[in-house]
Amino acid sequence: MNKIKLFFSATALLLSATCAQGQSLERAKFLLEQGSYLDAAKQLRPLADGGNAEAQYMAATLFFEGKGVNESPQQGRKYATLAAEQGHEQAVELLLKKAPDNMQLFKMASHYCEKFPDMKKGFAGLALSKCLFEGEDGVDKDLKKALEIIEQNNSYDELMKDYSQATHIWNAAAEVAGKSSLEDYADYLYGAEDWKRYYKLKSFIMNQLYDDGQHSTLADRAAEGNAWAMAELANRLWDRGLDKAAAKDWATKSKEAGSAYGHEVYRKVTYVPVRKNNVAIVPASPASKVLYIEQGWDYTAIKIRYQQRGYIEWVATGKACLLECDGKYYRLRHTTLPQLPNRKTLSKDEVVEYVMTFDRIPGSAKSFTIWEDHHGTNYQIND
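Rules and cut-offs
Residues numbered from 1 in each chain as written. Predicted model: local features only at pLDDT ≥ 70, side-chain atom pairs only at ≥ 80, totals over all residues. Heavy atoms only, no water. Helix = DSSP H or I, 4+ residues; strand = E, 2+ residues; numbered from the N terminus. Rg over C-alpha atoms; globule rule 2.2 N^0.38 Å. Buried < 20%, exposed > 50% of the residue type's maximum accessible area, 1.4 Å probe, protein only. Contact = heavy atoms within 4.5 Å. Areas by Shrake-Rupley, 256 points an atom, 1.4 Å probe, with all protein chains shown as cover. Lys, Arg positive; Asp, Glu negative; His and termini not counted. Charge placed at Lys NZ, Arg CZ, Asp CG, Glu CD. Phe/Tyr/Trp six-rings, centres within 6.5 Å; stacked < 30°, edge-to-face > 60°. Lys NZ or Arg CZ within 6 Å of the ring centre and 35° of its normal. pLDDT = per-residue confidence, 0-100. Pairing = 2+ DSSP bridges. Axes fitted to C-alpha atoms, helices over the stretch in contact; angles between N-to-C directions. Core = buried A, V, L, I, M, F, W, Y, C linked by side-chain atoms within 4.5 Å. Parallel < 35°, antiparallel > 145°, perpendicular 65-115°, else oblique. Nonpolar A, V, L, I, M, F, W, Y, C, P; charged D, E, K, R; others polar.

Draft legend 1. Representation of the overall build of the protein chain within the structure. For the protein chain, the helix and strand inventory stands at 16 helices and 11 strands. Taking 21 Å as the expected radius of gyration for a compact globule of 383 residues, we find that the protein chain reaches 33 Å, considerably beyond that expectation. Along the three orthogonal principal directions, the C-alpha set of the protein chain runs to about 90 × 70 × 40 Å. Within the span of the protein chain, comprising 383 residues, buried residues form 39% of the whole. Sequence separation of 24 or more characterises 53% of the internal contacts of the protein chain that already satisfy a separation of 6 or more. Split by element, the accessible area of the protein chain, about 21600 Å² in all, is 50% carbon and sulfur. Averaging the locations of the 49 positively and 51 negatively charged side chains of the protein chain gives two centres separated by 5 Å.

Draft legend 2. Main features of the packing of aromatic side chains. Using the criterion set out here, one finds 14 aromatic pairs in the structure. With centroids separated by 6.3 Å and ring planes inclined at 85°, the aromatic side chains of Trp195 and Tyr198 adopt a geometry described as edge-to-face. Of this pair, Trp195 and Tyr198 both sit in helix H12 (residues 195–209), separated by 3 residues, roughly a single helical turn. We classify Tyr198 as buried; its relative accessible area is 0%. Seen in terms of ring centroids, Tyr271 and Trp297 are 6.0 Å apart; in terms of plane orientation they differ by 65°. Their pairing is edge-to-face. Residue Tyr271 is located in the loop between helix H16 (260–269) and strand S1 (274–276), and its partner Trp297 is located in the loop between strand S3 (288–295) and strand S4 (299–307); the two are separated by 26 residues in the primary sequence. Classification of Trp297 as partly exposed rests on a relative accessible area of 23%. Looking at Lys244, its charged tip hangs above the ring of Trp238, at a distance of 4.3 Å from the centre.

Draft legend 3. Seen up close, the environment of Asp157. Positionally, Asp157 belongs in helix H9 (residues 156–159). Overall, the relative accessible area of 49% leaves Asp157 in the partly exposed class.

Draft legend 4. Representation of the confidence of the model for the protein chain. Looking at the protein chain as a whole, its pLDDT mean stands at 90, while 92% of the residues score no less than 70. Averaged over each element, pLDDT in the protein chain is lowest for helix H1 (residues 2–33) (61) and highest for helix H11 (residues 182–191) (97). Predicted confidence is poor over residues 10–17, with pLDDT under 50, and the contacts of this stretch with residues over four places away or in other chains come to 0 contacts.

Draft legend 5. A look at the side chain of Asn235. Assignment of secondary structure puts Asn235 in helix H14 (residues 227–239). On the accessibility criterion, Asn235 (13% relative accessible area) is buried. Once residues lying within four places of it in the same chain are set aside, the contact partners of Asn235 are Tyr261, Val265 and Lys268.

Draft legend 6. Layout of the sheet that holds S3. As summarised here, the arrangement of the 9 strands in space is S1-S3-S4-S9-S7-S6-S10-S11-S2, forming an open sheet in which the pairing is antiparallel. Bordering the open sheet on either side are S1 and strand S2 (279–282), each of which pairs with just one other strand. Pairs of neighbouring strands in the sheet enclose a mean axial angle of 30°, with direction left out of account. Strand direction decides the pairing type here: strand S7 (residues 328–335) and strand S9 (residues 351–359), joined by 3 bridges, are antiparallel. Counterpart to His334 in the pairing with S9 is Thr357.

Draft legend 7. Geometry of the nonpolar core. Formed by 81 residues in total, the largest nonpolar core has its most connected members in Leu201, Ile205 and Trp228. Not counting residues up to four positions away in its chain, the partners in contact with Ile205 are Leu182, Glu183, Ala186, Tyr210 and Trp228. Formed by 26 residues, the second largest nonpolar core is a distinct cluster that contains Val315, Cys321, Tyr330 and Phe358.

Draft legend 8. Representation of the environment of Asp39. Of note, Asp39 is situated in helix H2 (residues 37–49). Remark: the alpha-carbon pair of Asp39 and Gly68, spanning 29 residues in sequence, is separated by 7.4 Å.

Draft legend 9. Focus on the packing of H11 against H16. One can describe the packing of H11 onto H16 by two numbers: an axis separation of 7 Å at closest approach and a directional angle of 65°. Classified by the angle between their axes, H11 and H16 sit roughly perpendicular to one another. Counting all contacts with H11, which are made through Asp187, Tyr190 and Gly191, the residues of H16 involved are Ala260, Tyr261, Gly262 and Glu264. Of the residues assigned to the contact of H11 with H16, the class counts are 3 nonpolar, 2 polar and 2 charged.

Below is the structure:
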């Protein structure tokens, strides 16, 4: 019984002490907000010396800034280090910002990233990548490792919104890949099918690099002979129906220059759609008939003839329309019929022909199903 009483007594004392510490810390924060730095320091010092990481970080800030205490970088580093060793990220950031040179910055960032791996995604990771990008003060430059760290950092997307930062990062990536320009690096990414990086870089080139007033436009770069720019110009001319002859010419030049992107655009602009007429609805429908299925470069178009068989009837495309082929689903791009809840009303015996265009299914496909709001229609391609 005595042991049980002692246990509860010790627990109560511990909870009481923890509660008191929490109240003192909140009091210190309140005093700091009021600008009462001396009183705040008096509250913080015993907590910091007692091992409270938050109090240690706040005390370190006061010592570095000389608020409520005599300015002392030595004491500031002491308390910041005590907090940092407990995994306090703000204390680590404070220490890194006070690092005297690149070597010290590198050593500290490496230490905390190794001890607390999640810190690599925060400020410590940014500091580490900075050292590896610059390679100064005895730190070996390692662009590949720097890029690996920065791409995993929580601030990566925000950094890439800044033109100078994004330019620095993309140029480093191009250098690692052995490419002399961002367009050449984009072409390399396209050939490697690294789509995530490719589309980010393409957006940067088109929306920031060419629009910053210091670089050539897409047309200028194509005229200068850049293979990726020629392919992109060809693609835009073709897709927008501006000048298909010029699109073929630019695509041919890009392909001949060895561009991976140019090779694909050349295939696109010279592709002849394949049309198959022998397609049947399974089971057969007396009201509908497939006139043809057309396989384009990146689309599948199905033309259907429908004849109204009753007195009052309507037709429409389901609002959740998809095409299923070999277990994969392809989205509806366009339909010449209204989509639900809109509809086309038909008179008796009226005939309507409509086209549904989907993302391209494989050319070897022998059958497919069109799903419209959970209702499926099967089609068989008979070569």
